[in-house]
Amino acid sequence: MSVATTEYRARSTVSTPRDLPRIERFDAFYRDEFPRAVALAYALTGNRAVSEDVAQETLLAAHRHWDRIGTYDQPTAWVRRVLINRATSFHRRRTVEWRAVLRLASRGANTIVPDLEPEDAEVWAAVRELPRRQAQAIALHYVEELSLEEIGEVLGCSPGTVKTHLHRARTRLIGRLGVRYEETT
Amino acid sequence: MNQLDDRLRKASAAVRAAAGQAAPRPILKEAKAMWKKLAMAFGGALIGVALVVGGAALLRSAPLESPAAATSTTRTDSFGPLAVRAPAPGGDTAMWGPGRVVIAARCVSLVNEDGSEAVPAWKADEVTWDAETETITYAHPDSDPIVIRAGDTIILGGSSLEDDEDAVPIDRDIEWVAEPDPSCLGELFATDSVRLP
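Given the structure is predicted, the values throughout are model-derived calculations rather than measurements.

Peer 1: I'm lost on unusual backbone geometry in this one. Help?
Peer 2: Excluding glycine, a negative phi dihedral is what most residues carry, and trans is how most peptide bonds are arranged. The omega angle of the peptide bond from Gly-97 of chain B to Pro-98 of chain B is 5°, so this bond is cis rather than trans. If you trace the backbone, Pro-98 of chain B turns up in strand S2 (residues 94-103). One non-glycine residue, Glu-145 of chain A, lies in the positive phi region at around 55°. Turning to its location among the elements, Glu-145 of chain A is positioned in the loop between helix H8 (132-142) and helix H9 (148-155). Phi is positive for Glu-134 of chain B, close to 50°, though the residue is something other than glycine. As for its position among the elements, Glu-134 of chain B is in the loop between strand S5 (127-130) and strand S6 (135-138). On the accessibility criterion, Glu-134 of chain B (47% relative accessible area) is partly exposed.

Peer 1: Can you walk me through the pairing of S5 of chain B in this structure?
Peer 2: The side chains of a regular strand alternate, residue by residue, between the two faces of the sheet. Residues Val-127 and Trp-129 of chain B point to one face of S5 of chain B and are all buried, whereas Thr-128 and Asp-130 of chain B, pointing to the other face, are not buried. Between S5 of chain B and S6 of chain B, which pair antiparallel one after the other, the connecting turn spans four residues, and Glu-134 of chain B there sits at a positive phi close to 50°.

Peer 1: What's the story with the confidence of the model for chain B in this structure? I'm lost.
Peer 2: Do not read the fine detail of predicted coordinates wherever pLDDT is low. Residue and element names in this part refer to chain B. Mean pLDDT over chain B: 74, with 61% of residues reaching 70 or higher. This stretch, residues 57-74, has a pLDDT under 50; its non-local contacts, to residues over four places away or in other chains, come to 28 contacts. Per-residue pLDDT stays below 50 along residues 163-171; that stretch engages in 19 contacts with residues further than four places along the chain or on separate chains. Note on the complex model: pTM 0.53, ipTM 0.75.

Peer 1: Explain the confidence of the model for chain A here, please?
Peer 2: Residue and element names in this part refer to chain A. Across chain A, the average pLDDT comes to 75, with 71% of residues at or above 70. Confidence over residues 1-18 falls short of pLDDT 50; this stretch has 33 contacts with residues more than four positions distant or in other chains. Note on residues 107-112: pLDDT is under 50 here. Beyond four places in sequence and across chains, it has 10 contacts.

Peer 1: How should the sheet that holds strand S7 (residues 146-148) of chain B be read in this particular structure?
Peer 2: Strand pairs in the sheet, formed through backbone hydrogen bonds, run parallel or antiparallel to each other. All names here are of chain B. Strand order in the open sheet formed by three strands is S5-S6-S7, and the pairing between neighbours is antiparallel. Strand pairing shows two members of the sheet lacking a second neighbour, S5 and S7, which therefore form its edges. Averaged over neighbouring strand pairs, the angle between their axes works out to 20° when direction is ignored. As paired elements, S6 and S7 share three bridges and run antiparallel to each other. Within S7, the position partnered with Thr-137 by the bridge is Val-147.

Peer 1: Help me understand the packing of aromatic side chains, please; the structure alone is not making it clear to me.
Peer 2: Aromatic rings in a pair are described by how distant their centres are and how their planes are angled relative to each other. All names here are of chain A. Scanning all chains against the criterion turns up six aromatic pairs over all chains. Arranged with centres 5.7 Å apart and planes meeting at 35°, the rings of Tyr-30 and Phe-34 form a pair that is tilted. In this pair, Tyr-30 and Phe-34 are both assigned in helix H2 (residues 20-45), four residues apart and thus about one turn of the helix distant. Through successive ring pairs, a cluster of aromatic residues spans Phe-26, Phe-29, Tyr-30, Phe-34 and Trp-66.

Peer 1: Honestly, the side chain of Asp-27 of chain A in this entry has me stumped. Any pointers?
Peer 2: Here Asp-27 of chain A is to be found in helix H2. Judged by its relative accessible area of 15%, Asp-27 of chain A falls in the buried class.

Peer 1: Where do I start with the pattern of salt bridges in this structure?
Peer 2: Pairing between side chains of opposite charge can happen when their charged atoms approach one another. Residues and elements named next belong to chain A. For the structure on display, the rule yields 14 salt bridges over all chains. Arg-36 is the partner of Glu-33 in a salt bridge, and the nearest nitrogen-oxygen pair spans 3.4 Å. Here the residue Glu-33 and the residue Arg-36 both occupy positions in helix H2, the gap between them amounting to three residues, near one helical turn. A salt bridge links Arg-80 to Glu-144, with the shortest nitrogen-to-oxygen separation between them at 2.4 Å. Within this pair, whereas Arg-80 is found in helix H5 (residues 75-87), its partner Glu-144 is found in the loop between H8 and H9, the two being separated by 64 residues in sequence. Residue class for Arg-80 comes out buried when judged on its relative accessible area of 10%. For Glu-144, a relative accessible area of 12% corresponds to the buried category.

Peer 1: Quick question: what am I supposed to make of the side chain of Thr-135 of chain B here?
Peer 2: Residues and elements named next belong to chain B. Along the chain, Thr-135 falls in strand S6. A distance of 2.7 Å separates the side chain of Thr-135 from the side chain of Thr-133, its partner in a polar contact. Among all residues touching Thr-135, those that are not within four sequence positions of it are Thr-128, Trp-129, Asp-130, Val-147, Ile-148 and Arg-149.

Reading guide: rules and limits
Residues numbered from 1 in each chain as written. Chains lettered and ligands numbered in written order. Predicted model: local features only at pLDDT ≥ 70, side-chain atom pairs only at ≥ 80, totals over all residues. Heavy atoms only, no water. Helix = DSSP H or I, 4+ residues; strand = E, 2+ residues; numbered from the N terminus. Buried < 20%, exposed > 50% of the residue type's maximum accessible area, 1.4 Å probe, protein only. Pairing = 2+ DSSP bridges. pLDDT = per-residue confidence, 0-100. Contact = heavy atoms within 4.5 Å. Axes fitted to C-alpha atoms, helices over the stretch in contact; angles between N-to-C directions. Phe/Tyr/Trp six-rings, centres within 6.5 Å; stacked < 30°, edge-to-face > 60°. Salt bridge = Lys/Arg side-chain N within 4 Å of Asp/Glu carboxyl O. Polar contact = N/O pair within 3.5 Å; in protein donor to acceptor, adjacent residues only side chain to side chain.

Structural data, given as structure tokens:
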């Protein structure tokens, strides 16, 4: 932990102008993470408005707990974990989607994230039909380009388990998408 | 050539490109602007107080609670990574497990053989956490205490707080003593009993 983060933790109960670096630090984190979070959520929800809401809500949660999360070695891992939890939760998706529909209706069709081409949308639709863990592993591996170890850290399982999830997911996707895959060692 | 890899990589590039055009929402900008204003106003107030009353008064002035402190979670450190709810009449209507106990920095969960996970929501009067040994002691009034360690296999009795298929939270009044960390993965399970397989 850096000296700076220790200092942020020590001053967590008093807000002064000196807190501004902490705010700026979250600001930079937010700018970096928002598009990545939207991409990951988009892959797992298939809905652009929902993906933005899920990303926004996840980063707002990080913002609320930034005193703690900001001290983590990898706050991004926390964000990814919360995000995939939310993105793959049907209830939240429905709830968030409903709010998103209301919001979009109130401001017209001013959508921000453009649609995917049909063949890319087909891939993610097939991924979303996978069991939850397999879908999450695929999205983290391909969208976030994480290693087995990094995915294991997010999902809370071993790299070997991640490899199993990916293998099973690919086996299913081959059938659904009608493509070939040759496993390399 | 791996056609599957190619399609997944292309589809991934497409969502990244699409999301790259997503602009951060104004909500947060407004929130941050409010923070800055608060912080600046507080700074201004401090200067004013210093000018009028002097340095001694400055030291006696009450601290302003930060937005972060105001929105802190209800986690209680004494329960460590456990999710703990206030004691309430139990509903031991379902079973979860056998599952292997996984103790992480912010979560305690159970993993069963098919890889599905549960996050036990313990009753505050039945569970204690020992941070030194990283053990959970479950003490039900009707049975001997059980000391639970990472890697142990246990069976939970109680009721799910989610729909099994869709993770739909059941509408129930849960008074949290130590709220589950948002990063905890798995089905939230209101635990009313614990037994060994």
